[in-house]
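Take a look at the letters that make up each chain.
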Amino acid sequence: MTYRHLIDISSLGADTLRTILTMSNDPAVASVRPLSGRGAALIFEKPSNRTRHSMEMAVVQLGGHPVYTRGEEVGFDVRETVEDITRIMAGYHAVLAARVFSHSVVQRMAACNVVPVINMLSDEAHPLQALADVLTMEEHCGPVSGLTVAWLGDYNNVARSLAEAVCLLGGTMSFACPHGYNASDAELKRLTSLGGTVRQSLDPIEAVAGAHVVHTDTWISMGQESEAAERRAIFSPYCVTSSVMASAHNNVKFMHCMPAHRGEEVTADVFDSASSLVIQQGHHRLTSARGAIAWVIGE
Ligand code: CP
Ligand code: NVA
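Because the structure is a prediction, the values reported are computed rather than measured.

**Let's talk about the pattern of salt bridges**
Tallied over the full model, the rule gives 14 salt bridges. Where Glu56 meets Arg52, a salt bridge forms, and the shortest distance between an N and an O atom there is 2.7 Å. Of this pair, Glu56 and Arg52 both sit in helix 3 (residues 50-61), 4 residues apart, roughly one helical turn. By relative accessible area, Arg52 is classed as partly exposed at 27%. With a shortest N-O distance of 2.8 Å, Arg108 and Glu83 are connected by a salt bridge. Here Arg108, found in helix 6 (residues 103-111), pairs with Glu83, found in helix 5 (residues 82-89); they are 25 residues apart in sequence, far enough to count as distant. Via salt bridges that share partners, Arg160, Glu164, Glu187 and Arg190 belong to a single interconnected network.

What follows is the structure, given as structure tokens:
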């Protein structure tokens, strides 16, 4: 038997990505309570608001019982190996979900092939966020295949998963990232091979031309706190301001995975504007968590 996992978006392929999005939007998925009498382990090596709460409530809505665990309590490769933890927890739970520093930890959990595994954010990917981002865009802007999505700032975990989703669905990604924090040529080629159109610039105004969505994230991801001063200086030209938004499509929407830092990656007037979808996007974390869990457990 081979279990289903959600480790990154690109390995799903376009058809499965669309299946998960459809399941996310289908209220019948929860009504059959596919996790009835079963557990879900939610392990966090890093802090969380949206991911913890949306995943816990998704498990409850699917009829199961979530068990929240801090990373240091299980101690991946500290108390015991990732594989020992995974094989033991597979006897208690229908799904294991983890937020980890190293992407290899969730890959190793999945490779055990004893229980479905969901990546709740690693240094490389944030697939649950990308699902919510696409649900939000399609609800407010139309099919991704017709959209240009601009990303300003750091080419990080959130950017990579979003770009994979947009490309798999046939949309256009337009990056503006500083040197050293951008997607490499090989990465741009990989994204293009997924089926979309990709462009990259050093200039935010050039990158947002024609964009239906402008998306950004913190300049200082969890674990990068010691680089904060250097990063603030390097990224400051990439702040999403009202003049950046005015250079995009005339009905452009602003998106951010949150937590946000007004006055750094986005100005307060943009973040709190009528064009901002950040709250709807955050609420779709619950919708997408339901769809993702239901899909990995095979319902
Ligand atoms: N966007 C997101 O994953 O938020 P949390 O870190 O609060 O879970
Ligand atoms: N890029 C951010 C996303 C937080 C949800 C981080 O990794 O901290």
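Right, picking up where we left off after that structure.
**Things to note about the site of ligand 2**
In the vicinity of ligand 2, the residues found are Leu121, Asn156, Asn157, Val158, Asp217, Thr218, Ser221, Met222 and Met258. Take Asn157: an N or O atom from its side chain is 2.9 Å from an oxygen atom of ligand 2. Contact with the protein chains hides 95% of the accessible area of ligand 2, taken as 270 Å² for the molecule alone. Residue composition of the shell around ligand 2, by class: 4 nonpolar, 4 polar and 1 charged.

**Describing helix 6**
Considered for burial, the residues of helix 6 that qualify are His103, Val105, Val106, Met109 and Ala110. The buried residues of helix 6 occupy one face: seen down the axis, they fall within an arc of 165 degrees. Buried positions along helix 6 lie against helix 5, strand 3 (95-99) and strand 4 (117-119). Backbone geometry just downstream of helix 6 places Asn113 in the positive-phi region, at approximately 55 degrees.

**So, the site of ligand 1**
What surrounds ligand 1 is the set Ser48, Asn49, Arg50, Thr51, Arg99, His126, Gln129, Cys257, Met258 and Arg285. Arg50 has a polar side-chain atom sitting 2.8 Å from an oxygen atom of ligand 1. Here Met258 contributes a backbone N or O atom positioned 2.9 Å from a nitrogen atom of ligand 1. Bound to the protein, ligand 1 loses 96% of the 260 Å² it would expose on its own. Here the residues of the shell around ligand 1 sort into 2 nonpolar, 5 polar and 3 charged.

**Overview of the sheet that holds strand 8 (residues 213-216)**
Strand order in the open sheet formed by 5 strands is 7-6-5-8-9, and the pairing between neighbours is parallel. Of all strands in the sheet, those bounded by a partner on one side alone are strand 7 (197-201) and strand 9 (253-256). Neighbour to neighbour, the strand axes of the sheet diverge by 20 degrees on average, direction disregarded. Docked against the sheet, helix 8 (residues 157-168) engages strand 5 (148-152), strand 6 (172-176), strand 7 and strand 8, running at close to 155 degrees with respect to strand 6. The sheet strands contacting helix 14 (residues 278-296) are strand 8 and strand 9, and the helix crosses strand 9 at an angle near 45 degrees.

What counts, and where the lines are drawn
Residues numbered from 1 in each chain as written. Chains lettered and ligands numbered in written order. Predicted model: local features only at pLDDT ≥ 70, side-chain atom pairs only at ≥ 80, totals over all residues. Heavy atoms only, no water. Salt bridge = Lys/Arg side-chain N within 4 Å of Asp/Glu carboxyl O. Helix = DSSP H or I, 4+ residues; strand = E, 2+ residues; numbered from the N terminus. Buried < 20%, exposed > 50% of the residue type's maximum accessible area, 1.4 Å probe, protein only. Near = heavy atom within 4 Å. Polar contact = N/O pair within 3.5 Å; in protein donor to acceptor, adjacent residues only side chain to side chain. Areas by Shrake-Rupley, 256 points an atom, 1.4 Å probe, with all protein chains shown as cover. Nonpolar A, V, L, I, M, F, W, Y, C, P; charged D, E, K, R; others polar. Arc of directions from axis to C-beta. Contact = heavy atoms within 4.5 Å. Pairing = 2+ DSSP bridges. Axes fitted to C-alpha atoms, helices over the stretch in contact; angles between N-to-C directions.

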